[in-house]
Amino acid sequence: MTELTYQDVIGILRLIDSGPFSDVELEFEGTRLKVTRSRDDVPATVRPASLPRPASPSPAPPPAANAVAPATAPATPRRAPADVPDGAKVASPMAGTFYAAPAPGAPPFAEEGRAVRKGDQLGIVEVMKLFTPIQAPCDGVVAAILVRNEEVVEIEQTLMVIGPA
């Protein structure tokens, strides 16, 4: 039995975002996926219509993979595009929900002004219980955080900017 993979979901989202479609419903070996995009050029959102239930409880994933931050994590104000500093842009690999911390009550992965090294985790983007770590593309200092904790983000949306150290 073949399962719907992360790459399959990304391909579906790209197809929806680039095409004239506003609603697509797919059923693939027991998994039903409904993707809806509003008509005013808002990117697609994913909502599982129905998912098969596992036969037995699955073991808990490692803490970083199953992490979500509380709504009380520090909020970062949105910046106007003119206020975004120059530097290496850290983009979301998928549409989903951004989480700033590894677990409820934990400090955020990144804060403006904090030095980071290439590969350091800066956050998490989650879609359909798939948690993807967001990593620093280079050494430097977090110059700007452009999204808030638990904010819905778009594919390739800039989440942060890393400036020179």
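Residues numbered from 1 in each chain as written. Predicted model: local features only at pLDDT ≥ 70, side-chain atom pairs only at ≥ 80, totals over all residues. Heavy atoms only, no water.

Digging into unusual backbone geometry
Note on backbone geometry: most residues besides glycine have negative phi, and most peptide bonds are trans.
Working step 1: Positive phi, normally seen in glycine, also occurs at Met128, with a value near 50 degrees.
Working step 2: Of note, Met128 is situated in the loop between strand 7 (121-127) and strand 8 (130-135).
Working step 3: The residue Glu150 is not glycine, and still its phi comes out positive at about 65 degrees.
Working step 4: Among the structural elements, Glu150 can be located in the loop between strand 9 (140-145) and strand 10 (152-153). (Helix = DSSP H or I, 4+ residues; strand = E, 2+ residues; numbered from the N terminus.)

A word on the confidence of the model for the protein chain
Working step 1: Taken as a whole, the protein chain shows an average pLDDT of 74; of its residues, 63% reach a score of 70 or greater.
Working step 2: Within the protein chain, strand 3 (residues 45-50) has the poorest average pLDDT of any element, 45, and strand 6 (residues 115-116) the best, 96.
Working step 3: Counting interchain partners and residues more than four positions distant, the pLDDT-below-50 stretch residues 41-76 has 70 contacts. (pLDDT = per-residue confidence, 0-100. Contact = heavy atoms within 4.5 Å.)

Some words on the sheet that holds strand 11 (residues 158-163)
Working step 1: Pairing within the open sheet is antiparallel, and its four strands lie in the order 4-11-9-6. Every other strand in the sheet has two partners, leaving strand 4 (88-91) and strand 6 as the edge strands with one partner each.
Working step 2: Bridging between strand 6 and strand 9 involves two bridges; their strand directions are antiparallel. Residue pairing across strands places Val116 opposite Gly140, the latter belonging to strand 9. (Pairing = 2+ DSSP bridges.)

Digging into the pairing of strand 9
Working step 1: Here four bridges tie strand 9 to strand 11, and the two strands are oriented antiparallel to one another. Directly across from Ile145, in strand 11, lies its bridge partner Met160.

Re the environment of Gly163
Working step 1: By the element assignment, Gly163 lies in strand 11.
Working step 2: C-alpha separation for the pair Gly163 and Lys89, spaced 74 residues apart in sequence, amounts to 8.9 Å.
Working step 3: The residues touching Gly163, leaving out its near neighbours within four places in the chain, are Asp86, Asp139, Gly140, Val141 and Ala143.

Remarks on the pattern of salt bridges
Working step 1: Applying the stated criterion across every chain yields a total of two salt bridges.
Working step 2: A salt bridge links Arg114 to Glu111; its shortest N-O distance comes to 2.6 Å.
Working step 3: Judged by relative accessible area, which is 36%, Glu111 ranks as partly exposed.
Working step 4: Among the ionic pairs, Asp139 bridges to Arg117, the shortest N-O distance being 3.8 Å. In this pair, Asp139 is assigned in the loop between strand 8 and strand 9 and Arg117 in the loop between strand 6 and strand 7, connecting sequence segments 22 residues apart.
Working step 5: Arg117 gets classed as exposed once you look at its relative accessible area, which sits at 56%. (Salt bridge = Lys/Arg side-chain N within 4 Å of Asp/Glu carboxyl O. Buried < 20%, exposed > 50% of the residue type's maximum accessible area, 1.4 Å probe, protein only.)

Some points on the sheet that holds strand 10
Working step 1: As summarised here, the arrangement of the four strands in space is 8-7-5-10, forming an open sheet in which the pairing is antiparallel. The open sheet has two edge strands, strand 8 and strand 10, and neither has a second partner.
Working step 2: The sheet contact formed by strand 5 (residues 96-99) and strand 10 spans two bridges and is antiparallel. Each residue of the ladder has a partner; that of Gly96, found in strand 10, is Val153.

A word on the environment of Val90
Working step 1: With respect to the helices and strands, the residue Val90 is situated in strand 4.
Working step 2: For Val90, a relative accessible area of 4% translates into the label buried.
Working step 3: Measuring from C-alpha to C-alpha, the distance between Val90 and Ile134 comes to 8.0 Å, with 44 residues separating the pair along the chain.
Working step 4: For Val90, the contacting residues outside a window of four places in its chain are Leu122, Ile134, Gln135, Pro137, Gln157, Thr158, Leu159, Met160 and Ile162.

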